[in-house]
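Residues per chain are reported as follows:
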Amino acid sequence: MEDLKDVIAKNLTELRTSAKLTQLQLAEMLNYSDKAVSKWERGEAIPDIRVLCKIAEIFGVTLDDLVKEEPSPPVQPKRKLKGKHIFITALAAILVWFIATGVFMIFYFIDPTEKYSYLVFVVAPLPTSIVLLVFSIIWGNRLTNAIASSLVDWSCAVIFHIFVTAFAPDFIKIYFIYIVAAVLELLIILWFVYRWYVSKHGKLLINIRRKKGE
């Protein structure tokens, strides 16, 4: 087992340095901490099979290349994939505003709705934030998920405020909606902090159990 640890450590270090990646950059691509990558490269621990497969995918090698003494020459890791995800997400968000512009033009040239046609752009941030949340869940991380969730929360609050102001200007207690939004924001923050805490301590317990098993 120690020999395998050393082989994986050596191969991982060579692959990473050849690709000009830091331990932190590789850790972010794997959704792990740089401390975990450092342990792997020092031969103090072995990544599980799922992580090894992900590492092989990133560097364009086979799983066998990671565990044998002379790995194949690495190819450039797929760092462009993140840029592609950002492009697709941005394109989807722009599409929402393109559709909103079309709807605005329709309402603007209809006499009964012309006065309120601007409300289309008031509503547009909500579907935009929902689109961002969906793609963040697919490709993002906890931080982007939290930001996107917050955008949904505050978009709803602003939409409610503007609609009430437009259709019920005499309603003076509209500020309550921001109290509700602030409470929801606090719940969002607490939820993602809780998930981070559970994830961090869960990995710690797994490492402790593995060490005891050794």
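A few points on the structure. The shown structure was predicted, so the numbers you read here are calculated from the model rather than taken from an experiment.

Rules behind the numbers
Residues numbered from 1 in each chain as written. Predicted model: local features only at pLDDT ≥ 70, side-chain atom pairs only at ≥ 80, totals over all residues. Heavy atoms only, no water. Core = buried A, V, L, I, M, F, W, Y, C linked by side-chain atoms within 4.5 Å. Buried < 20%, exposed > 50% of the residue type's maximum accessible area, 1.4 Å probe, protein only. Contact = heavy atoms within 4.5 Å. Helix = DSSP H or I, 4+ residues; strand = E, 2+ residues; numbered from the N terminus. Expected span 1.5 Å × (residues − 1). Arc of directions from axis to C-beta. Phe/Tyr/Trp six-rings, centres within 6.5 Å; stacked < 30°, edge-to-face > 60°. Polar contact = N/O pair within 3.5 Å; in protein donor to acceptor, adjacent residues only side chain to side chain. Axes fitted to C-alpha atoms, helices over the stretch in contact; angles between N-to-C directions. Parallel < 35°, antiparallel > 145°, perpendicular 65-115°, else oblique. Left-handed = near helix turned anticlockwise from the far one by under 90°. Nonpolar A, V, L, I, M, F, W, Y, C, P; charged D, E, K, R; others polar.

**Side note on the nonpolar core**
Here's step 1: Core analysis: the largest hydrophobic core is formed by 19 residues, its most contacted members being Leu 26, Leu 30, Trp 40, Ile 55, Phe 59 and Leu 66.
Here's step 2: Setting aside chain neighbours within four positions, we find Trp 40 in contact with Ala 9, Leu 12, Leu 30, Tyr 32, Ala 45, Ile 46, Pro 47, Val 51 and Ile 55.
Here's step 3: Grouped together as the second largest cluster of nonpolar side chains are five residues, Val 164, Ile 174, Ile 177 and Ala 181 included.

**Quick look at helix α9 (residues 125–139)**
Here's step 1: Here α9 is 15 residues long and its end C-alpha atoms lie 21 Å apart, about the 21 Å a rise of 1.5 Å per residue gives.
Here's step 2: By the burial criterion, the buried members of α9 are Thr 128, Ser 129, Val 131, Phe 135 and Ser 136. The buried residues of α9 occupy an angular sector of 155 degrees when the element is viewed end-on, so they sit on one face. Facing away from the buried side of α9 by more than 90 degrees, the exposed set consists of Ile 137 and Ile 138.

**With respect to the packing of aromatic side chains**
Here's step 1: Using the criterion set out here, one finds ten aromatic pairs in the structure.
Here's step 2: Geometrically, the ring pair formed by Tyr 175 and Phe 176 is stacked, given 4.6 Å between the ring centres and 25 degrees between the ring planes.
Here's step 3: Looking at Tyr 175, the relative accessible area reads 46%, which means it is partly exposed.
Here's step 4: Judged by its relative accessible area of 42%, Phe 176 falls in the partly exposed class.
Here's step 5: Taken together, the ring pairs in this structure connect Trp 97, Phe 104, Tyr 108, Phe 109 and Phe 121 into an aromatic cluster.

**Overview of the environment of Ala 19**
Here's step 1: Mapped onto the secondary structure, Ala 19 falls in the loop between α1 (2–18) and α2 (23–30).
Here's step 2: Its relative accessible area of 5% is what places Ala 19 among the buried residues.
Here's step 3: When the C-alpha atoms of Ala 19 and Phe 59 are compared, they prove to be 7.9 Å apart, with 40 residues separating the residues in sequence.

**So, the side chain of Ser 149**
Here's step 1: On the secondary structure map, Ser 149 appears in helix α10 (residues 142–167).
Here's step 2: For Ser 149, a relative accessible area of 17% corresponds to the buried category.
Here's step 3: Looking at Ser 149, its side chain comes within polar contact range of the main-chain oxygen of Asn 145, at 2.8 Å.
Here's step 4: Apart from residues lying up to four places away in sequence, Ser 149 is in contact with Leu 133, Ile 188 and Phe 192.

**So, the packing of α9 against α10**
Here's step 1: Here α9 crosses α10 at 165 degrees, and the two axes come no closer than 8 Å. By the angle between their axes, α9 is roughly antiparallel relative to α10. α9 and α10 meet at a crossing whose hand is left-handed. Of α10, the residues touching α9 (which contributes Pro 125, Leu 126, Ser 129, Ile 130, Leu 132, Leu 133, Ser 136 and Ile 137) are Thr 144, Asn 145, Ala 148, Ser 149, Leu 151, Val 152, Ser 155, Cys 156 and Ile 159.
Here's step 2: Here the contact of α9 with α10 is composed, by residue class, of eleven nonpolar, six polar and no charged.

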